[in-house]
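This is what each chain is made of:
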Amino acid sequence: MLRSLVGSEMCIRDRYYDLATEFYEWGWGQSFHFADRRKSENFATSIVRHEHYLAGRLGVNVGAKVLDCGCGVGGPARNIAQFTGAHVTGITINEFQVNRGNTLCKQQKLDDRVKLVQGDFMKLPFEDNSFDAVYAIEATCHAPDRVGVYSEILRVLKPGGVFATYEWCLTDKYDKNNAEHRFIKKAIEEGDGLPDMCHTSLCSAAVEKSGFEMIEARDAALDGHEGGDPWYRPLTPSWAPWKWPRFQFNPVMFAVFPYLLKGLEMMRVVPSGTSKTQCMLQQGGIGCERGGATGTFTPMWLMVARKPTKAKAF
């Protein structure tokens, strides 16, 4: 009975990831994360610049072995491999993302430097001290135990290697007694399939508890974007079709799209469950936008930490 329930939960999870992946790629691109937009940047270039900044914190050389922990379809892995000259391995729990990502790597002639594999980042399928650096972009928020996932990252990282991440966190502005703040937290968790979201301080403490030496921890969303836009602007509705992805969040598109998808499901043009998945993602989008506007949530709590060169004595 238990095995049957576990198998059913895994099927539901895989179906969600399969459908969500197609929505993300269609509406957002191949990099499933946020970025603030600086002056003279467009949406696409802001995404790449955000990735390049994190890659620069890794301090890797050409030919280094780097792990992308929670890689999606490998958009950041391909950009970072091109930027650094490193060999990047991406891991994701979803088989659809692995197959799609490796297809894109081959299409972009990067399959000799970027490879996606299927696996659980709570039990990384790699030997100890395998990678020169590890990064995660808005991914380990899905972990049921932050210390657990960070400890696994520490294990596969070589001594002296750097782990850099952007994490989804609640900020100091979050007030658990505020009804709007509680709605924001719940909308993000339910819409994006997350466990209980934690405060920035708890994330930082988990990194240090796992054995890392913290180099820096700060909210990169506060860096400033004079002449540009905050990270949550793409979730703000627009009536202008050329303002993508904002156009898909205007009231008409927002209301009509689920019914359109239900019709396509009945015609068997799209898989069953597509409309429900879209509604979940819409809910998550609402929560993220309100979280950004109120400052109660950040998707870019930046943490840069190093694995000690020698084991700590206890």
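Remember, it's a predicted structure, so these values are computed and weren't measured experimentally.

Peer 1: How would you sum up the packing of helix H6 (residues 179-191) against helix H9 (residues 274-294)? Please name residues and give values.
Peer 2: Contact pair H6 / H9: the axes reach a minimum separation of 7 Å and the direction vectors enclose 140°. Judged by the inter-axis angle, H6 sits oblique to H9. Here H6 runs over H9; the crossing is left-handed. Where H6 abuts H9, its residues Glu180, Phe183, Ile184, Ala187, Ile188, Glu190 and Gly191 lie against Met280, Leu281, Gln283, Gly284, Ile286, Gly287, Cys288, Arg290, Gly291 and Thr294. Considering only residue class, the contact of H6 with H9 consists of 8 nonpolar, 6 polar and 3 charged.

Peer 1: How would you summarise empty space enclosed by the protein if you had to cite specific residues and measurements?
Peer 2: Following the criterion strictly, the structure yields 1 cavity of 30 Å³ or more and no others. Quantified by volume, the largest cavity comes out at close to 30 Å³. Every residue along the wall of the largest cavity is listed here: Trp26, Gln248, Met253, Phe257, Gln278 and Gln282. Among the secondary structure elements, those contributing two or more residues to the lining of the largest cavity are helix H8 (251-266) and H9.

Peer 1: Just give me the short version of the environment of Gly291, but keep the residues and values in it.
Peer 2: Looking at the secondary structure, you find Gly291 in helix H9. A C-alpha to C-alpha distance of 22 Å links Gly291 and Trp239, two positions 52 residues apart in sequence. Residues in contact with Gly291, not counting those within four places in the same chain, are Ile184, Thr296 and Phe297.

Peer 1: Explain the environment of His199 residue by residue, including any values.
Peer 2: Mapped onto the elements, His199 comes out in the loop between H6 and helix H7 (200-209). We classify His199 as partly exposed; its relative accessible area is 23%. For the pair His199 and Trp301, spaced 102 residues apart in sequence, the C-alpha to C-alpha distance is 9.9 Å. With near-sequence residues (within four places) excluded, His199 lies in contact with Cys169, Leu170, Thr171 and Asp172.

Peer 1: Quick rundown of the side chain of Glu51? Include the residues and the values.
Peer 2: Among the secondary structure elements, Glu51 is positioned in helix H2 (residues 43-56). It turns out Glu51 is buried and unbridged, and the closest side chain with the opposite charge, Arg78, is 9.0 Å from it. A polar contact of 2.6 Å, which involves the side chain of Glu51, links it to the side chain of His33. A polar side-chain atom of Glu51 sits 2.7 Å from a polar atom in the side chain of Asn79. Aside from chain neighbours lying at most four places away, what touches Glu51 is Ser31, His33, Gly75, Pro76, Asn79, Ile80 and Ile137.

Peer 1: Go over the sheet that holds strand S7 (residues 297-306), please, and point to the residues and values.
Peer 2: As summarised here, the arrangement of the 7 strands in space is S3-S2-S1-S4-S5-S7-S6, forming an open sheet in which the pairing is mixed. Every other strand in the sheet has two partners, leaving strand S3 (114-118) and strand S6 (213-219) as the edge strands with one partner each. Put simply, the sheet's adjacent strands are angled 20° from each other on average, direction ignored. For strand S1 (residues 65-69) and strand S2 (residues 87-92), the ladder comprises 5 bridges, and the chain directions are parallel. Each residue of the ladder has a partner; that of Asp68, found in S2, is Gly90. Sitting on the sheet, helix H4 (residues 95-107) touches S2 and S3, and the angle it makes with S3 is about 165°. Taken strand by strand, helix H5 (residues 146-156) contacts S1, strand S4 (131-137), strand S5 (157-170) and S7, and its axis lies near 155° from that of S5.

Peer 1: Break down the packing of aromatic side chains for me, with residues and values.
Peer 2: Per the counting criterion, the structure on display carries 10 aromatic pairs. Centre to centre, the rings of Trp168 and Phe297 are 5.2 Å apart; their planes meet at 80°, and the pair counts as edge-to-face. With Trp168 in strand S5 and Phe297 in strand S7, the pair connects residues that are 129 residues apart, well separated along the chain. Using a relative accessible area of 7% as the deciding quantity, one classes Trp168 as buried. Its relative accessible area of 2% is what places Phe297 among the buried residues. Put simply, the rings of Trp28, Phe34, Phe43, Trp168, Trp231, Tyr232 and Phe297 pair up and form one aromatic cluster. Here Lys65 stacks its cationic end above the ring of Phe131, 5.7 Å away from the centre of that ring.

Peer 1: Before we move on, could you go through a nonpolar patch on the surface and cite the residues and values that matter?
Peer 2: Side chains of Trp239, Val252, Val256 and Leu260 sit close together on the surface and give an oily, nonpolar patch of about 420 Å² of accessible area. In this structure Trp239 comes out as exposed when scored by relative accessible area, which is 58%.

Conventions and cut-offs
- Residues numbered from 1 in each chain as written.
- Predicted model: local features only at pLDDT ≥ 70, side-chain atom pairs only at ≥ 80, totals over all residues.
- Heavy atoms only, no water.
- Axes fitted to C-alpha atoms, helices over the stretch in contact; angles between N-to-C directions.
- Helix = DSSP H or I, 4+ residues; strand = E, 2+ residues; numbered from the N terminus.
- Parallel < 35°, antiparallel > 145°, perpendicular 65-115°, else oblique.
- Left-handed = near helix turned anticlockwise from the far one by under 90°.
- Contact = heavy atoms within 4.5 Å.
- Nonpolar A, V, L, I, M, F, W, Y, C, P; charged D, E, K, R; others polar.
- 1 Å grid on protein atoms, 1.4 Å probe; cavity = no way out; pocket = protein on both sides within 12 Å on 5 of 7 lines; lining within 4 Å.
- Points joined across faces, edges and corners; volume = space filled by probe spheres on them.
- Buried < 20%, exposed > 50% of the residue type's maximum accessible area, 1.4 Å probe, protein only.
- Lys, Arg positive; Asp, Glu negative; His and termini not counted.
- Salt bridge = Lys/Arg side-chain N within 4 Å of Asp/Glu carboxyl O.
- Polar contact = N/O pair within 3.5 Å; in protein donor to acceptor, adjacent residues only side chain to side chain.
- Pairing = 2+ DSSP bridges.
- Phe/Tyr/Trp six-rings, centres within 6.5 Å; stacked < 30°, edge-to-face > 60°.
- Lys NZ or Arg CZ within 6 Å of the ring centre and 35° of its normal.
- Patch = residues over 30% accessible without salt bridge, like charges linked within 9 Å, V, L, I, M, F, W, Y side chains within 5 Å.
- Areas by Shrake-Rupley, 256 points an atom, 1.4 Å probe, with all protein chains shown as cover.

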